Amino acid sequence: MAETRKLAAIVVSDVVGYSRLAGADEERILARLRALRSDLIDPTIAVHNGRVVKHTGDGSIVEFRSVVDAMRYAIEVQNGLVERNAGLPPERRIEFRIGIHLGDVVEESDGDLMGDGVNIAARLESVAAPGAICFSEDAYRQVKARLDLAVSDLGPIRLKNIAEPVRVYSLQVGKTVRGRPANPAVPKRRSTFVLLVAGIIALTMIAGGAWYFLRGPPVRGMTDNEIRFGISAPFTGSASELGNQMKLGIETAFNLINDGGGINGRQLRLVAADDGYEPRRTAETMKQLYENQQVFGFIGNVGTPTAVVAVPYALEHRMLFFGAFTGADLLRRTPPDRYVFNYRASYVEETDAAVRYLVKVRHLRPEQIAVFAQHDAFGDAGFDGVAKAVRALQGDEGAIVRLDYERNTVDVDNAAARLRGLKVPVEAVVIVATYRAAAKFIEKTRDLYPTMIYTNVSFVGSTALAYELMLLGPRYANGVVVTQVVPAIDSYASAILKYKTALAKYFPGAPPDYVSLEGYVAARVLLEGVQRAGRHPDTERLVEGLETLRDFDMGLGTPINFSPSDHQGSHKVWGTQLNDHGRYQPIDLE
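Worth saying up front: this structure is predicted, and the values here are computed from it rather than measured. (Residues numbered from 1 in each chain as written. Predicted model: local features only at pLDDT ≥ 70, side-chain atom pairs only at ≥ 80, totals over all residues. Heavy atoms only, no water.)

1. A word on the confidence of the model for the chain
Per-residue confidence for the chain gives a mean pLDDT of 88; residues scoring 70 or more make up 92%. Low confidence marks residues 175-195, where pLDDT is under 50. Its contacts with residues over four positions away, or in another chain, come to 13 contacts. Low pLDDT, under 50, characterises residues 201-216; the stretch is placed with seven contacts to residues that sit more than four places away or in other chains. (pLDDT = per-residue confidence, 0-100. Contact = heavy atoms within 4.5 Å.)

2. Here we look at the packing of aromatic side chains
Enumeration according to the criterion identifies 20 aromatic pairs in this entry. Judged by centre distance (6.3 Å) and plane angle (70°), the rings of Phe322 and Phe562 are edge-to-face. Of this pair, Phe322 sits in strand S12 (residues 320-322) while Phe562 sits in the loop between helix H17 (539-546) and strand S19 (574-578), and the two are 240 residues apart along the sequence. For the pair Phe322 and Phe562, a shared accessibility class is recorded, and that class is buried. Put simply, the rings of Tyr277, Phe325, Tyr347, Phe378 and Phe459 touch in pairs and so form one group of aromatic residues. The ring of Tyr290 carries the charged tip of Arg220 above its face, separated from the ring centre by 3.8 Å. (Phe/Tyr/Trp six-rings, centres within 6.5 Å; stacked < 30°, edge-to-face > 60°. Helix = DSSP H or I, 4+ residues; strand = E, 2+ residues; numbered from the N terminus. Buried < 20%, exposed > 50% of the residue type's maximum accessible area, 1.4 Å probe, protein only. Lys NZ or Arg CZ within 6 Å of the ring centre and 35° of its normal.)

3. Looking at the packing of helix H9 (residues 347-361) against helix H10 (residues 377-392)
Look at H9 against H10: their axes get within 8 Å of each other, and the N-to-C directions meet at 50°. It follows that H9 is oblique to H10 by the angle criterion. The element H9 and its partner H10 pack so that their crossing is right-handed. In this structure, H9 contributes Tyr347, Val348, Thr351, Asp352, Val355 and Arg356 to the contact, and H10 contributes Phe378, Ala381, Gly382, Gly385, Val386, Lys388, Ala389, Val390 and Ala392. (Axes fitted to C-alpha atoms, helices over the stretch in contact; angles between N-to-C directions. Parallel < 35°, antiparallel > 145°, perpendicular 65-115°, else oblique. Left-handed = near helix turned anticlockwise from the far one by under 90°.)

4. A closer look at the pattern of salt bridges
By the definition in use, this model includes 31 salt bridges. Here Arg51 and Glu63 are joined by a salt bridge, their closest N and O atoms 2.9 Å apart. You can see Arg51 sitting in strand S2 (residues 51-56) and its partner Glu63 sitting in strand S3 (residues 59-64), a full 12 residues away along the chain. Judged by its relative accessible area of 10%, Glu63 falls in the buried class. In this structure, Glu226 and Arg269 form a salt bridge, with 3.9 Å as the shortest nitrogen-oxygen distance. In this pair, Glu226 is assigned in strand S9 (residues 226-233) and Arg269 in strand S10 (residues 267-274), connecting sequence segments 43 residues apart. Both residues of the pair, Glu226 and Arg269, count as buried. Salt bridges sharing partners connect three or more residues here, namely Lys6, Arg51, Glu63 and Glu107. (Salt bridge = Lys/Arg side-chain N within 4 Å of Asp/Glu carboxyl O.)

5. Some points on the nonpolar core
Ranked by size, the top nonpolar core spans 143 residues in total, and within it Phe229, Phe321, Phe322, Phe372, Phe441 and Leu465 carry the most contacts. When residues of this core are assigned to their parent elements, the largest contribution, 11 residues, is made by helix H16 (residues 514-532). Each residue touching Phe322, except ones within four places of it in the same chain, is listed here: Phe298, Ile299, Gly300, Phe341, Ala522, Val525, Leu526, Leu546 and Phe562. Counting residues in each nonpolar core, the second largest holds 36 residues, with Ala22, Phe96, Ile100 and Tyr140 among its members. (Core = buried A, V, L, I, M, F, W, Y, C linked by side-chain atoms within 4.5 Å.)

6. Structural notes on the sheet that holds strand S16 (residues 428-432)
The sheet built from seven strands is open, its strands ordered S15-S14-S16-S17-S18-S19-S20 with mixed pairing. A strand with exactly one partner marks an edge of an open sheet, and here the two such strands are strand S15 (402-405) and strand S20 (584-587). Here the average twist between neighbouring strands, direction ignored, is 25°. Relative to S15, strand S14 (residues 369-374) runs parallel, the two sharing four bridges. The partner of Gln374 across the bridge, within S15, is Tyr405. Against the sheet, helix H11 (residues 413-420) touches S14 and S15, its axis set at about 160° to S15. Each of strand S17 (453-456), strand S18 (481-484), S19 and S20 is contacted by helix H13 (residues 462-472), which is oriented at about 120° to S20, the strand it contacts most. (Pairing = 2+ DSSP bridges.)

7. Quick word on H9
Under the 1.5 Å per step criterion, the end-to-end length of H9 is 20 Å for 15 residues, consistent within 8% with the ideal 21 Å. All of the buried residues along H9 are Tyr347, Val348, Glu350, Thr351, Ala353, Ala354, Val355, Tyr357, Leu358 and Val359. Remark: His363 follows H9 within two positions and exhibits a positive phi of approximately 60°. (Expected span 1.5 Å × (residues − 1).)

8. Observations regarding the pairing of strand S4 (residues 96-108)
Burial of S4 is extensive: 10 of the 13 residues sit out of reach of the surface. Pairing analysis gives 13 bridges linking strand S1 (residues 3-15) to S4, with the strands arranged antiparallel. Along S4, the bridge assignment pairs Leu7 with Asp104. Sheet topology places S4 next to strand S6 (residues 132-136); three bridges connect them, and they run parallel. Paired with Ile98 across the two strands is Ile133, which belongs to S6. With two bridges connecting them, S4 and strand S5 (residues 113-114) associate as antiparallel partners.

9. Focus on the sheet that holds strand S11 (residues 297-299)
With parallel pairing, five strands are arranged side by side in an open sheet as S10-S9-S11-S12-S13. At either end of the open sheet lies a strand with only one pairing partner, and these are S10 and strand S13 (340-341). Pairing of S12 with S13, which is carried by two bridges, proceeds in the parallel orientation. Residue pairing for S13: Phe321 is matched across the bridge by Val340. Contacting S9, S10, S11 and S12, H16 runs over the sheet at an angle of about 145° to S12.

Below, the structure written as structure tokens:
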């Protein structure tokens, strides 16, 4: 059996007193564990780029790319359990012990992991207190400068079947945790010591009061060392590639700034929550990021139907909602909502560019153009853009055929059947869909219409679409057009070169992607606004800082502009077309 040796961050977890809980009510405990896995554990693993190696009855072994990701996963799970146990009697609470170690492992061909790296993590789990996280010194070295943790140093501990003692640290989530105490004070002259401490406390309180009046009250999501932003996006499900790529791009920009010292000494951190591209879940993820994670603002949320829920929530709480991955008009009101800012061009601008390309460059008549669209607010936004463009070209917008499919499905059979049944020949389809549905529609219709021109808006996920089409064969990919809100990733624009360099540095092996590029660009624009907001920014100062951006040149080939009357930074649309090798080539849309 083939095997690979590597360094990995390993998390081992187990339920405290599982036999006792199961003995009291096995059916109830199994149902609760299944719910915890589907609602809390599995989504949190996905958000932090983990991989389940195996389930061990009531526990699991999970591999992460970094100890930081592993630690954030463990903290979020333990916090989630604290919330779910609130109000329950002790005998019904599900609590985890968690162990984390960074070490050498052997990966078998079936994905299983063996070796001391796994064994030590398992032994650390066994010595953890209920609700606690125990981690080795090797793991602690990786996170102590990256995460603001109060830990207990348990000292060297001899773990079962491990040859050498391991220095162990413990974090008890939800409780005040102190490090190991220093040597106790000498009893004599105690009164002098108490007076000295009292004096220090009094001076600290006076200084704290001065700090409060000079700097104002503490700002949500911000400390002297960190600014925390949140993203609600699909990290599982049919649109997961969009959420994961958006997160990747934002973190690339954050890492680049953090390596340069951050902004005014503060490091940038992104906290992610998985909404699965379902609006019914978005209310909970927004609440989680606002109430539990205490984020400063939101960046890079993915989707129009989810924005229908997320934008009102952000506005209600006067929270910044920046750089969402959607071109819908609900984020582009006139005058603009104070806390909503967009980097990208709108769907109206993208579909207008596509229709004009089809009419002016490919010489089609407006009535020869149909729309394949998602049956929700996203599809509505794209269809409205096509209708507006046709109207501007003196065409009959009432004659435009719309072919629908349902969100989070690839059920395109009805749409393909309707296309076949049309009496007026259609020469082009403007696609307003996610990558899997778009690829499935092209697959179902390409043989019947070999000369059909397919255009897609940027939300489709360009790289994912190319991959899906090339799996079908080069003839399915060749000629497919995608409008973009960023330059071609193969261009030599300075911003693209910086993005590629940073991506290769912080996420080796991750290929350049149009969605992650958009996340990177949006984050860089946001951070320029944070810089302009001064040393002690709050949301109002940040809004004012963003509104001063004029002709901001970050090397895209088009400037970024905001003002009090326009919260969309770029109105530029680029054209790209797939070739039979699955690569995008720039094309002129005019």
